[in-house]
Amino acid sequence: MALKKPELLAPAGTMESLIAAVENGADAVYLGARTLGARAYAGNFSNEELKEAIDYAHLRGVKVYVTMNTLLRDAEFRDAVDLLHHLDVSGADAVIVQDVGLFSLIRERFPELPVHTSTQLTIQNTEGVRLFQRSGVRRVVLAREMSLEQIRTIKQNTNMQIEVFVHGALCISYSGQCLMSSMIGGRSGNRGHCAQPCRREYRLLDRGQEVRTDGENLLNPCDLNTADLIPRLIEAGIDSFKIEGRMKRPEYVAAVVQIYRQLIDRYMEDPAGYYVSEDEATRLGQLFNRGFTDAYLRGSTDGMMNHLWPYNRGVHIGDVISHDRRKERVRVRLVGELEQGDGISIGVSFEAGDSVRALYHNGRKVDHAGPGAVVDIPFSTPIREGESVYRTRDRSHMDALEKTFTSGAPIRTVPVNITATARAGSVFELEMEDVDHNKVQVRSEWVVEQAKKRPMSEEQVRQQLTKLGDTVFEVGKVSLFIVGNVFIPIRYLNDIRKKAISQLEDKRLSRWKRVGHEYHTDNNEDEDPDPQCVYHQDNTPYLAVSVNDQNALRAALAGGADVIYFGGEHYRGAELPDIHQATEVCKRAGCQLYLATPRIVTDDELPGVECILSLAGSGCDGVVVSNPGILAEARRQGLNVIADSPLNVFNRRSLRSMQDMGVGKTVLSQELTLEQIEHIAKCGPVECVAEGRTTVMVSKYCMAGDILSQGEVCSRPCESSELEIVDAKGYAFPLRMDDRCRMHVLNSRRLCMLDHLDDLVATGVAGVRIEARADPAPDLEALTRAYRNALDGNDRPRCSALGTEPTTGHYYRGVL
């Protein structure tokens, strides 16, 4: 079978970056509007700029995908409709979506607008892909944590368009499952405002004692670089290679696109002769890197972390010999090229950095120096002998890259064939046809004259018709048919050429346009009118308790729980859950029992989860699901389903989408306020977590195994340790490792709504929940009884009496 050439998809945070991507060989670009995108701090595009960007790309044969990959508040749906209408009529090739409510809106009102699911949806199994495939999604952007073999399996089993990140920054947490930024400072990664807490410094403690580490950037992953994996990525059948970097400079976009364009083309032309040149590898490292990794794609996490520096390191170009404090110069022995105007940083942990204002070799000022040279560089900061010197900016390379998107002279052009016929006494006929078979024919309003003196030569006609200037077109084949001695004023030829070019541009763009659909924006309407939202909770909310061992189960029952959620993630060092025993205990107590399932489930883990679903169908009341693929499988088996908070239901439309998929109850996102919850609760039975440690990150990377294990084989230190990371302000975040060696980071404070339970109940929730799995309460029976009493209107203790410093999460403050 012939290999399919993948699409090269580039980021565009600004118009300059878009031009850089297009001119350097991207097949498609992704960009965001001023709102509703996951990179709120990128330049982004106004509606008029979006139209300009789409037309610019389409004229050059490049596709444009627009990111709307955040969770939407109900009040934002009208703006979303306006934006979608604009994108639809402007001809956007697809929108990238996280919010399932937004997806349902697109399918209802803009059925011809293609949808790609964002990596924020945490799709990592075949069933999850099939779920969205059945719903009409055109492409799935898989979780970054997937291995090549897992990706290959999904592609073979679904034949869905698959998009995978190939270069750029990595998140330490599964995308869509990170609440750390919002819990620390109210800036939600799910809404495009991530403050990047993973790049900050932390200390590792085990039972309160500090653990020695090789650096303090403990959550800082290296950057992704798949240059060496291009053959395997193509052979896996991946449809689109995505470069991360909407926050990066246009020079970065230009260079990375340029290199990956060369690599893809090189492999397609000669698979057996594929290579990555030393120059290409060096340029990728020079542009931006925190160290490089492709560990996830290789099915590992070995070597993927950089605990020493969270910023760009550049490339090593020398070592410090000495520092003259009096002259404020540092002497460096070079192992690479360095020139005036370059940026440098000295020291493994970037103790100092500056631009090279001057360069001296053998006492003489020089513009540049190469390997082996000993040079003096003005540098005021004291530097130790032996420190490494890194070039963080290559001035000449940056200047050359800048010209690719600022010169005005097109690099990427569209070949056109030109055919013209001139016959005295007849109109002039000009035809232009581009490489994509778009054709225009223009007939002059004037008649070609018979030459009275000097007839016009064929070369003169050719010269005028092929003056395409700074248009996107370049001359291909030219066919001229001049009959007899003719005369045509030069300005007439120029005018008809310009007219033909304008028509050809319009024709190239018109094939991307769609007819806009009618929609309403009456400001007197509700945010998103939904006549079905008539649900009202009359009864006292049920009390659910999540547990994963028998002792906690019995304690919750003794305290008065109405519903038990049993199992889910199994944490190392904890008792294995006994589902059969749990079923018997709950049956005797007359308590409902739902079996919980993990939030991260790959295809090789599906058989174990299917076992849980089978048990849930015989003796239990249903299942709690946190994963799109498991939701689909549970409904296929006819089970009662509760959709858990990791599915990120953030608005009415998302709730309705869950209901349409057969979900009975939904646990809302933990980033909602009470006011927002009240609005959503009118549309169906919802539950909110009221108590417990919130999981703020889930990562494939296991810090315990990486830092504490002795030797190459993990010694499972997580089973005998009590780990936590502590930030610069002294807040401690407990770590839990599950039986699949994934790391769960818990919030530094325990959520407690006991003092404010009346406010939560007043929103109309059907149930409240105590989360007691990752961080069990010291006295779960007493805690459960306190909530039982509060729901029943009796006295209850205050949160402060329960031991740890509590938080009310986002119920009162919300998120950006």
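*Asks:* Help me understand the sheet that holds strand S24 (residues 427-434), please; the structure alone is not making it clear to me.
*Replies:* In a beta sheet, neighbouring strands pair by backbone hydrogen bonds and run either parallel or antiparallel. Spatially, S25-S24-S23-S27 is the arrangement adopted by the four strands of the open sheet, whose pairing is mixed. Looking at strand neighbours, the two that pair on one side only are strand S25 (439-447) and strand S27 (473-483), the edges of this open sheet. For this sheet, the mean angle separating the axes of adjacent strands, direction not counted, is 15°. Pairing of strand S23 (residues 414-423) with S27 involves nine bridges; the strand directions are parallel.

*Asks:* Got a minute to help me understand the side chain of glutamine 537 in this structure?
*Replies:* With respect to the helices and strands, glutamine 537 occurs in the loop between helix H13 (490-510) and strand S29 (542-547). Polar contacts involving the side chain of glutamine 537 include one to the side chain of tyrosine 535, which spans 2.8 Å. For glutamine 537, the side chain forms a polar contact with the main-chain oxygen of asparagine 539, separated by 3.1 Å.

*Asks:* I'm lost on the packing of aromatic side chains in this one. Help?
*Replies:* Two aromatic rings are characterised by how far apart their centres lie and by the angle between their planes. Applying the stated criterion across every chain yields a total of four aromatic pairs. Summarising the aromatic geometry, the rings of tyrosine 267 and tyrosine 274 are spaced 6.0 Å apart at their centres and angled 75° between planes, so their arrangement reads as edge-to-face. This pair shows no difference in class: tyrosine 267 is buried, exactly as tyrosine 274 is. Members of the aromatic cluster, each reached through a chain of ring pairs, are Phe428, Trp446 and Tyr492. Over the aromatic face of tyrosine 30 sits the side chain of lysine 242, whose NZ or CZ is 4.4 Å from the ring centroid.

*Asks:* Whenever I open this one, the state of the cysteines confuses me. Can you help?
*Replies:* In protein chemistry, a disulfide is the covalent bond that joins the sulfur atoms of two cysteines. By the definition in use, this model includes two disulfides. Two residues share a disulfide in this structure: cysteine 533 and cysteine 683, whose sulfurs sit 1.8 Å from each other. Taking the torsion about the S-S bond as the criterion, the cysteine 533 to cysteine 683 disulfide, at about 90°, is right-handed. Of the two residues, cysteine 533 sits in the loop between H13 and S29 while cysteine 683 sits in the loop between helix H19 (674-681) and strand S35 (686-699), which places them 150 residues apart along the sequence. Here cysteine 533 and cysteine 683 have matching classes, each one buried. Sequence-ordered numbering of the bonded cysteines in the chain gives a disulfide pattern of 1-2, 3-4. Its sulfur unpaired, cysteine 194 is 6.0 Å from the next cysteine sulfur, which belongs to cysteine 178. Here cysteine 688 is not disulfide-linked; the sulfur of cysteine 683 is the nearest cysteine sulfur, at 14 Å.

*Asks:* Is there a simple way to think about unusual backbone geometry in this case?
*Replies:* Backbone geometry follows two general trends: most residues other than glycine have a negative phi, and most peptide bonds adopt the trans configuration. Although it is not a glycine, asparagine 362 adopts a positive phi angle of roughly 55°. Locating asparagine 362 in the fold gives a position in the loop between strand S18 (360-361) and strand S19 (364-365). Here cysteine 741, not a glycine, exhibits a phi torsion of approximately 65°, which is positive. Tracing the sequence through the fold places cysteine 741 in the loop between strand S37 (732-737) and strand S38 (743-752).

*Asks:* Whenever I open this one, the nonpolar core confuses me. Can you help?
*Replies:* Nonpolar side chains in soluble globular proteins tend to be buried together. Residues Val29, Leu31, Val95, Ile564, Leu780 and Tyr787 are the most contacted members of the largest nonpolar core, which totals 181 residues. Aside from chain neighbours lying at most four places away, what touches valine 95 is Val66, Met68, Leu84, Leu87, Ile106, Leu113, Pro114, Val115 and His116. Membership of the second largest hydrophobic core comes to 30 residues, among which are Met304, Val696, Cys718 and Leu723.

*Asks:* Can you help me understand the layout of surface pockets in this one?
*Replies:* Regions of empty space are outlined by a rolling probe, equal in size to a water molecule, passed over the atoms. Computed from the structure, the largest pocket encloses a volume of approximately 890 Å³. In terms of lining, the largest pocket is formed by 43 residues, of which the most central are Arg39, Cys171, Cys194, Gln196 and Glu244. Counted by class, the lining of the largest pocket contains 21 nonpolar, 14 polar and eight charged residues.

*Asks:* Would you mind showing me how to read the packing of helix H9 (residues 250-269) against helix H10 (residues 278-287) here?
*Replies:* Packed helix pairs are characterised by how far apart their axes lie and by the angle those axes make with each other. Their axes nearest at 10 Å, the elements H9 and H10 cross at an angle of 155°. The orientation of H9 relative to H10 falls into the category roughly antiparallel. In this structure, H9 crosses over H10, and the sense of that crossing is left-handed. Taken together, the residues of H10 that come into contact with H9 (itself represented by Glu251, Tyr252, Ala255, Val256, Gln258, Ile259, Tyr260, Gln262, Leu263 and Arg266) are Glu280, Arg283, Leu284 and Leu287. Across the contact of H9 with H10, the residue classes break down as eight nonpolar, two polar and four charged.

*Asks:* Is there a simple way to think about empty space enclosed by the protein in this case?
*Replies:* Evaluated as defined, the whole model comprises six cavities of 30 Å³ or more. In this structure, the largest cavity occupies an estimated 370 Å³ of space. As for the largest cavity, its lining consists of 29 residues, of which Arg599, Ser645, Pro646, Gln670 and Thr695 are closest to the centre. Counting residues per element, the ones that place at least two in the lining of the largest cavity are S35 and strand S39 (767-771). Tallied by class, residues from the lining of the largest cavity come to eight nonpolar, 13 polar and eight charged. A volume near 180 Å³ is recorded for the second largest cavity. If you trace the second largest cavity, you find 20 residues lining it, with Leu121, Pro628, Pro646, Leu647 and Met658 closest to the centre. Elements that contribute at least two residues to the lining of the second largest cavity include exactly helix H5 (126-134) and helix H17 (628-636). Looking at the lining of the second largest cavity residue by residue, the class counts come to 12 nonpolar, seven polar and one charged.

*Asks:* Explain helix H18 (residues 652-660) here, please?
*Replies:* Because each turn of an α-helix spans 3.6 residues, side chains separated by three or four positions end up pointing in the same direction. Within H18, seven of the nine residues are buried, which leaves it mostly tucked inside the rest of the structure. The N-capping residue of H18, defined by a side-chain oxygen 3.2 Å from the backbone nitrogen of arginine 653, is asparagine 651.

*Asks:* Even after reading the chapter, I still don't get the confidence of the model for the chain, so can you show me in this structure?
*Replies:* Low pLDDT means the predicted atomic positions in that stretch should not be read closely. With 97% of its residues at a pLDDT of 70 or more, the chain shows a mean pLDDT of 94. Ignoring residues within four places in sequence, the model shows residues 519-529, a span with pLDDT below 50, making 20 contacts including any to other chains.

*Asks:* What should I look at first to understand a nonpolar patch on the surface in this one?
*Replies:* Together, Tyr41, Met247 and Leu816 line one region of the surface with nonpolar side chains, adding up to about 300 Å² of accessible area. Relative to the elements of secondary structure, methionine 247 occurs in the loop between strand S11 (240-243) and H9.

*Asks:* Would you take a moment to explain the sheet that holds strand S22 (residues 388-393) for this structure?
*Replies:* With antiparallel pairing, the eight strands of this open sheet are ordered in space as S17-S16-S22-S13-S14-S21-S18-S19. The open sheet terminates on both sides in strands that have one partner only, identified here as strand S17 (352-355) and S19. One ladder, built from four bridges, connects strand S16 (residues 343-346) with S22; its direction is antiparallel. Across the sheet, the residue bridging to glycine 343 is arginine 393, located in S22.

Rules and cut-offs
Residues numbered from 1 in each chain as written. Predicted model: local features only at pLDDT ≥ 70, side-chain atom pairs only at ≥ 80, totals over all residues. Heavy atoms only, no water. Pairing = 2+ DSSP bridges. Helix = DSSP H or I, 4+ residues; strand = E, 2+ residues; numbered from the N terminus. Axes fitted to C-alpha atoms, helices over the stretch in contact; angles between N-to-C directions. Polar contact = N/O pair within 3.5 Å; in protein donor to acceptor, adjacent residues only side chain to side chain. Phe/Tyr/Trp six-rings, centres within 6.5 Å; stacked < 30°, edge-to-face > 60°. Buried < 20%, exposed > 50% of the residue type's maximum accessible area, 1.4 Å probe, protein only. Lys NZ or Arg CZ within 6 Å of the ring centre and 35° of its normal. Disulfide = S-S within 2.5 Å. Core = buried A, V, L, I, M, F, W, Y, C linked by side-chain atoms within 4.5 Å. Contact = heavy atoms within 4.5 Å. 1 Å grid on protein atoms, 1.4 Å probe; cavity = no way out; pocket = protein on both sides within 12 Å on 5 of 7 lines; lining within 4 Å. Points joined across faces, edges and corners; volume = space filled by probe spheres on them. Nonpolar A, V, L, I, M, F, W, Y, C, P; charged D, E, K, R; others polar. Parallel < 35°, antiparallel > 145°, perpendicular 65-115°, else oblique. Left-handed = near helix turned anticlockwise from the far one by under 90°. pLDDT = per-residue confidence, 0-100. Patch = residues over 30% accessible without salt bridge, like charges linked within 9 Å, V, L, I, M, F, W, Y side chains within 5 Å. Areas by Shrake-Rupley, 256 points an atom, 1.4 Å probe, with all protein chains shown as cover. Salt bridge = Lys/Arg side-chain N within 4 Å of Asp/Glu carboxyl O.

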